[in-house]
Amino acid sequence: MNIYQKVKSKKPLVYSITNYVTVNDVANAILSVGAAPLMADDEEEVAQIASFSSSLVINIGTLNKRVIKSSIIAGKQANEVNIPVVLDPVGVGASSLRNEAVKKLLKKVKFTVIKGNITEIKALYLQKQTTSGVDVSSDDKLTTDNLEDTISLLKKISIELDTIIAATGEIDIITDGVKTNLCYNGNEKMSLITGTGCMSAGIIASFCSVDKNYLDATTKAISLMGQAGDIALEKYRGLGSFRVDIIDALSNITDEEIKDNANIKTL
Amino acid sequence: MNIYQKVKSKKPLVYSITNYVTVNDVANAILSVGAAPLMADDEEEVAQIASFSSSLVINIGTLNKRVIKSSIIAGKQANEVNIPVVLDPVGVGASSLRNEAVKKLLKKVKFTVIKGNITEIKALYLQKQTTSGVDVSSDDKLTTDNLEDTISLLKKISIELDTIIAATGEIDIITDGVKTNLCYNGNEKMSLITGTGCMSAGIIASFCSVDKNYLDATTKAISLMGQAGDIALEKYRGLGSFRVDIIDALSNITDEEIKDNANIKTL
Amino acid sequence: MNIYQKVKSKKPLVYSITNYVTVNDVANAILSVGAAPLMADDEEEVAQIASFSSSLVINIGTLNKRVIKSSIIAGKQANEVNIPVVLDPVGVGASSLRNEAVKKLLKKVKFTVIKGNITEIKALYLQKQTTSGVDVSSDDKLTTDNLEDTISLLKKISIELDTIIAATGEIDIITDGVKTNLCYNGNEKMSLITGTGCMSAGIIASFCSVDKNYLDATTKAISLMGQAGDIALEKYRGLGSFRVDIIDALSNITDEEIKDNANIKTL
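Residues numbered from 1 in each chain as written. Chains lettered and ligands numbered in written order. Predicted model: local features only at pLDDT ≥ 70, side-chain atom pairs only at ≥ 80, totals over all residues. Heavy atoms only, no water.

> Explanation requested: the overall build of chain A in the structure shown.
Broken down by element type, chain A carries eleven helices and nine strands. Here chain A has a C-alpha radius of gyration of 17 Å; the compact-globule value for 267 residues is 18 Å, and the two agree. Taken along its principal axes, the extent of the C-alpha atoms in chain A is 45 × 45 × 35 Å. Expressed as a percentage of its 267 residues, the buried residues of chain A come to 65%. Relative to all contacts within chain A whose residues are 6 or more apart in sequence, the contacts with residues 24 or more apart total 72%. In chain A, 29 positive and 32 negative side-chain charges are present, and the distance between their average locations comes to 5 Å. (Helix = DSSP H or I, 4+ residues; strand = E, 2+ residues; numbered from the N terminus. Rg over C-alpha atoms; globule rule 2.2 N^0.38 Å. Buried < 20%, exposed > 50% of the residue type's maximum accessible area, 1.4 Å probe, protein only. Contact = heavy atoms within 4.5 Å. Lys, Arg positive; Asp, Glu negative; His and termini not counted. Charge placed at Lys NZ, Arg CZ, Asp CG, Glu CD.)

> Help me out: how do you make sense of the nonpolar core in this one?
A general tendency of soluble globular proteins is for nonpolar side chains to be buried together. Residues Phe207 and Leu250 of chain A, Phe207 and Leu250 of chain B together with Phe207 and Leu250 of chain C are the most contacted members of the largest nonpolar core, which totals 147 residues. Those residues within four positions of Leu250 of chain B in sequence are excluded, and the remaining contacts are Ala29, Ser32, Val33, Met199, Ile203, Leu224, Met225 and Ala228 of chain B. (Core = buried A, V, L, I, M, F, W, Y, C linked by side-chain atoms within 4.5 Å.)

> Which parts of the structure should I look at to understand the side chain of Asp211 of chain B?
Residues and elements named next belong to chain B. With respect to the helices and strands, the residue Asp211 is situated in the loop between helix 8 (196-208) and helix 9 (214-234). Buried within the structure, Asp211 lacks any salt-bridge partner; Lys6 is the closest side chain of opposite charge, at an N-O distance of 4.2 Å. Here Asn213 takes part through its backbone nitrogen, which lies 2.9 Å from a polar atom of the side chain of Asp211. When near neighbours in sequence (up to four residues on either side) are disregarded, Asp211 contacts Ile3, Lys6 and Ala217. (Salt bridge = Lys/Arg side-chain N within 4 Å of Asp/Glu carboxyl O. Polar contact = N/O pair within 3.5 Å; in protein donor to acceptor, adjacent residues only side chain to side chain.)

> Where do I start with the packing of helix 8 (residues 196-208) of chain A against helix 9 (residues 214-234) of chain A in this structure?
Pairs of packed helices are described in terms of their axes, by the angle between the two and the distance that separates them. Residue and element names in this part refer to chain A. One way to put it is that helix 8 packs onto helix 9 with a least axis distance of 8 Å and a crossing angle of 140°. Relative to helix 9, helix 8 is oriented oblique. Judged by the twist between their axes, the crossing of helix 8 over helix 9 is right-handed. Every residue of helix 9 that contacts helix 8 at Thr196, Met199, Ser200, Ile203, Ile204, Phe207 and Cys208 is listed here: Tyr214, Ala217, Thr218, Lys220, Ala221, Ile222, Leu224 and Met225. Its residues assigned to classes, the contact of helix 8 with helix 9 comprises eleven nonpolar, three polar and one charged. (Axes fitted to C-alpha atoms, helices over the stretch in contact; angles between N-to-C directions. Parallel < 35°, antiparallel > 145°, perpendicular 65-115°, else oblique. Left-handed = near helix turned anticlockwise from the far one by under 90°. Nonpolar A, V, L, I, M, F, W, Y, C, P; charged D, E, K, R; others polar.)

> For this particular structure, what's the right way to read the interface of chain C and chain A?
Accessible area lost upon the coming together of the parts serves often as the stated size of an interface. With 30 residues of chain C in contact, the opposing surface of chain A contributes 32 residues. Interface of chain C and chain A: buried area, both sides summed, is about 2,400 Å²; carbon and sulfur atoms make up 51% of it. Glu44 of chain C is paired through a salt bridge with Lys65 of chain A; the nearest N and O atoms lie 3.5 Å apart. Where chain C packs against chain A, one counts 15 residue pairs in polar contact (both at pLDDT 80 or more). For the side of chain C that touches chain A, the secondary structure elements donating two or more residues are helix 2 (23-32), strand 2 (36-39), helix 3 (43-51) and helix 10 (239-252) of chain C. Looking at side-chain class alone, the side of chain C that touches chain A contains 14 nonpolar, seven polar and nine charged residues. (Buried area = accessible area lost by both parts, 1.4 Å probe.)

> Please clarify how the packing of helix 3 (residues 43-51) of chain B against helix 4 (residues 65-80) of chain B should be interpreted in this entry.
Residues and elements named next belong to chain B. Between helix 3 and helix 4, the shortest axis-to-axis distance is 8 Å and the interhelical angle comes to 25°. It follows that helix 3 is roughly parallel to helix 4 by the angle criterion. Two packed elements cross with a definite hand, and for helix 3 against helix 4 that hand is right-handed. For the pair formed by helix 3 and helix 4, the contact residues are Glu43, Val46, Ala47, Ala50 and Ser51 on the first element and Lys69, Ser70, Ile73, Ala74, Gln77 and Ala78 on the second. Across the contact of helix 3 with helix 4, the residue classes break down as six nonpolar, three polar and two charged.

> Just checking my understanding: could you explain helix 5 (residues 96-108) of chain A for this structure?
Helical geometry note: an α-helix holds 3.6 residues per turn, so side chains three or four residues apart project in the same direction. End to end, helix 5 of chain A covers 18 Å across 13 residues, agreeing with the expected 18 Å (1.5 Å per residue, within 8%). Residues of helix 5 of chain A that are buried sit in contact with strand 3 (55-59), helix 4 (65-80), strand 4 (85-88) and helix 6 (118-126) of chain A together with strand 2 and helix 3 of chain C. (Expected span 1.5 Å × (residues − 1).)

> Got a minute to help me understand the relation of the copies chain C and chain B in this structure?
Between the two chain copies there is a screw-like relation: a rotation about an axis and a shift along it. When chain C is brought onto chain B, the operation consists of a screw motion whose angular component is 120° and whose axial shift is 0.0 Å, with 0.0 Å RMSD remaining. Such a turn and shift between the copies fits a three-fold axis. No C-alpha of chain C approaches the rotation axis more nearly than that of Tyr20 of chain C, which lies at 3.6 Å. (Least-squares fit on C-alpha atoms with pLDDT ≥ 70 in both.)

> Mind showing me how you'd approach the interface of chain C and chain B here?
Contacts between the two partners involve 33 residues from chain C and, on the opposite side, 30 residues from chain B. Buried area between chain C and chain B, summed over both chains or domains, comes out near 2,400 Å², and the portion from carbon and sulfur atoms is 51%. When the buried area of chain C at its contact with chain B is split by residue, Tyr20, Val21 and Lys65 of chain C rank highest and sum to 22% of it. Linking chain C to chain B there are 14 residue pairs in polar contact (both at pLDDT 80 or more). Looking at the side of chain C that touches chain B, the elements that each hand over two or more residues are helix 5 (96-108) and helix 10 of chain C. Its residues assigned to classes, the side of chain C that touches chain B comprises eleven nonpolar, 16 polar and six charged.

> Explanation requested: the pattern of salt bridges in the structure shown.
If charged atoms from side chains of opposite charge come close, those side chains can pair. One pass over the full model with this rule turns up 37 salt bridges over all chains. Residues Lys103 of chain A and Glu100 of chain A are paired through a salt bridge, measuring 3.9 Å at the closest nitrogen-oxygen approach. Here Lys103 of chain A pairs with Glu100 of chain A, and both are found in helix 5, just three residues apart, close to one helical turn. By relative accessible area, which is 43% here, Lys103 of chain A ends up partly exposed. Where salt bridges share partners, they join Asp42 and Glu44 of chain A together with Lys65 of chain B into one cluster.

> Explain the sheet that holds strand 8 (residues 180-183) of chain B here, please?
Sheet strands pair via backbone hydrogen bonds, and the direction of the pair is either parallel or antiparallel. Residues and elements named next belong to chain B. Read across the open sheet, the nine strands follow the order 2-1-3-4-5-6-7-8-9; overall the sheet is mixed. Looking at strand neighbours, the two that pair on one side only are strand 2 (36-39) and strand 9 (264-266), the edges of this open sheet. Within this sheet the neighbouring strands show an average axis-to-axis angle of 20°, counted without direction. Pairing of strand 5 (residues 113-117) with strand 6 (residues 164-168) involves five bridges; the strand directions are parallel. Note that in strand 6 the partner of Asn117 across the bridge is Thr168. Packed onto the sheet, helix 2 (residues 23-32) meets strand 1 (13-17) and strand 2 and runs at close to 150° relative to strand 2. (Pairing = 2+ DSSP bridges.)

> Sorry, what's going on with the sheet that holds strand 6 (residues 164-168) of chain A here?
Residue and element names in this part refer to chain A. The strand order 2-1-3-4-5-6-7-8-9 describes an open sheet built from nine strands, whose pairing is mixed. Pairing within the sheet leaves two strands with one partner each, and these edge strands are strand 2 (36-39) and strand 9 (264-266). The mean angle between the axes of side-by-side strands here comes to 20°, regardless of whether they run parallel or antiparallel. The pairing of strand 6 with strand 7 (residues 172-175) spans three bridges and is classified as antiparallel. Each bridged residue has a counterpart across the sheet, and for Ala166 the counterpart in strand 7 is Ile174. Running over the sheet, helix 2 (residues 23-32) touches strand 1 (13-17) and strand 2 and is turned about 150° from strand 2. Of the strands in this sheet, strand 4, strand 5 (113-117) and strand 6 touch helix 6, which is tilted by about 120° from strand 5.

> Is there a simple way to think about the relation of the copies chain C and chain A in this case?
Turning chain C through 120° and shifting it by 0.0 Å along the axis lays it on chain A, with an RMSD of 0.0 Å. Little of the interface of chain C is mirrored in chain A, where only 10% of its interface residues again form contacts.

> Looking at this structure, I do not really get the environment of Thr175 of chain B. What am I missing?
All names here are of chain B. Turning to its location among the elements, Thr175 is positioned in strand 7 (residues 172-175). Setting aside residues up to four positions removed in sequence, Thr175 forms contacts with Leu154, Lys155, Ser158, Thr163, Ile164, Ile165, Thr180 and Leu215. In this structure the side chain of Thr175 is engaged in a polar contact, spanning 2.9 Å, whose partner is the backbone nitrogen of Gly177. Within the structure, Thr175 has its side chain in polar contact with the side chain of Thr180 (distance 2.9 Å).

> Honestly, the confidence of the model for chain A in this entry has me stumped. Any pointers?
For residues with low pLDDT, the predicted coordinates do not support detailed interpretation. Residues with a pLDDT of 70 or more make up 100% of chain A, whose mean pLDDT is 96. On the interface metric, ipTM, the complex scores 0.96, and its pTM is 0.97. (pLDDT = per-residue confidence, 0-100.)

Structure, rendered in structure tokens:
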């Protein structure tokens, strides 16, 4: 069984503590690949729920002090029961609260994967202030000139934080510090609807639930999300239907199509 | 005037305290059948809002201690002003917090209808721990073998809790302890998008707002949701458009179609 | 460059503190016109985020005491850094909490624009209790008979509160107390999906971010939202796809179409 079949067959319970902007899209994305979503954020229940879940996503998109606390409890419990934990540090760098929250999370929770755009990954590592909100800062745009340096930096971050780093952008870079995968699927229109990044994190957690080769699982999840965006782009009619078409594509895509369309390069 | 026409004509105000995952779908479902949705959860305003509402839904999908408190206040006030109250005990059994919250709600609030999947209804009654998240546990799947026993159990629960029990699944079972309706509308794809259950609860509240035959109103609401799912399934193109098509179907369905498609059996 | 091009070119960061019912639609509407949405509500980060944003929306749709506090802090900071602030007083009049929150907001924050339906604008000004939830009360329906009086009242409110008042309805009335614009775009179906009002507020903020003629920017934003609704209505297939089609229309509409379709009358 390949990873896509494994998710559909095992239907892992993917527990997300996530923002209220895109939470519905995240739940539907997780369902679309065959996993089962669960959302809960009260500190009194998060450990109990993490205990029987197959993986955990912590997404700080609309964090508040109550939920930061819950996230740490859930993350620690997830570590305890040895399930993969994915961090999506949405908008880190936008405020001291986010920087401090991420610092605390990194200290208390062992993350399997940290997925963010390149600006978020840098901000998380450098604990610096950014002003581009939840988007990539123009300074951070990937070019053929800076690709190599960016990869080196991400490898360094991966080793130092002892986690897989998945930096999404024009080219998605996924690294465990040693091996690095580049993914070329996806398109710019995906950044014009809210939630594609958050959905990716949900799919990464779904895949890591059923395959312990986390680098491979993460890469395939990100590639799949990009492929869904590319399929949706073919019949593009506007940003509203584009979002709907991405979920359609996620739920319809066949193993054969994935094999044909995956555009991954291993360094 | 039949119940569908009554909702459209009276446009009852359906007040929901509900989870942030599917709240948008719930609001749009309520609007689609002709009622008016209102969401609010601060303890200082919930009683005031319940006072002029036509019905109340309490959905614990993403409960927290603050909102549990608000739900109890709103529920008590709804009882005070004698409007129907629907409980959707999402994920009860998944945590002690949920079990305790539901216990408290059942003690302090008189519910007109409790709607959940069969696992939730059992967990609510037995106050037990489950590990299937918000989905039906595989042990609880309805079969021709266990249908009769399940109905007996639900009737018992209905009598003991003095409320209509609506257990959704392959066959939806709606009972007031004496009379039982089985509804065969709906399809399995509906469990592959988030929110269909929550939308049902919103439609039940909409219908109970305008018809005091609550068993009948609840059954028709659940059947309508199932019919919308079946209409959407006919042109199925993927899980994203399926969700959109369900709302389309809810808003477009005619009395004539409902009469033809309703698949309800009264025991 | 006209205002539509300016938004697309500058991609202003539009910061919203908004309700969890329609927040996803608001984010996608802001993206659809070319701006960048950001949502955050913890009191510890709201000032910092307001500092580098291009505009702020405060929408009280699902307010709670924690977020009221955050909204005031964010609003004051937005005033400090001199960015436009839009108030969407959703459901004001439905509870004392909402009335008090709005009173406090009006006292502490200078709003550039207050946008609401006519019932909300009246309730906000008169601090009175209403029972129509988030919808227009039947007493407040615009007619040819009461149009002139309504305009006079709105001008008075505008002058007294020293802000642009945008009252949406069958005819949208936008006034700075001296000059008044009437907008005839839009249709009744738009009130049958949740979020069109909240989306308008997001687009108003997007436009006010790039043009200091706030009366004009607000009018064009409201007209654009109405035009998108009218384009979507042409291919109406149900309330689910109608919502999707509105976002499609917002993202596809051309300057040429806007010029042809804008239906604005200046008094």
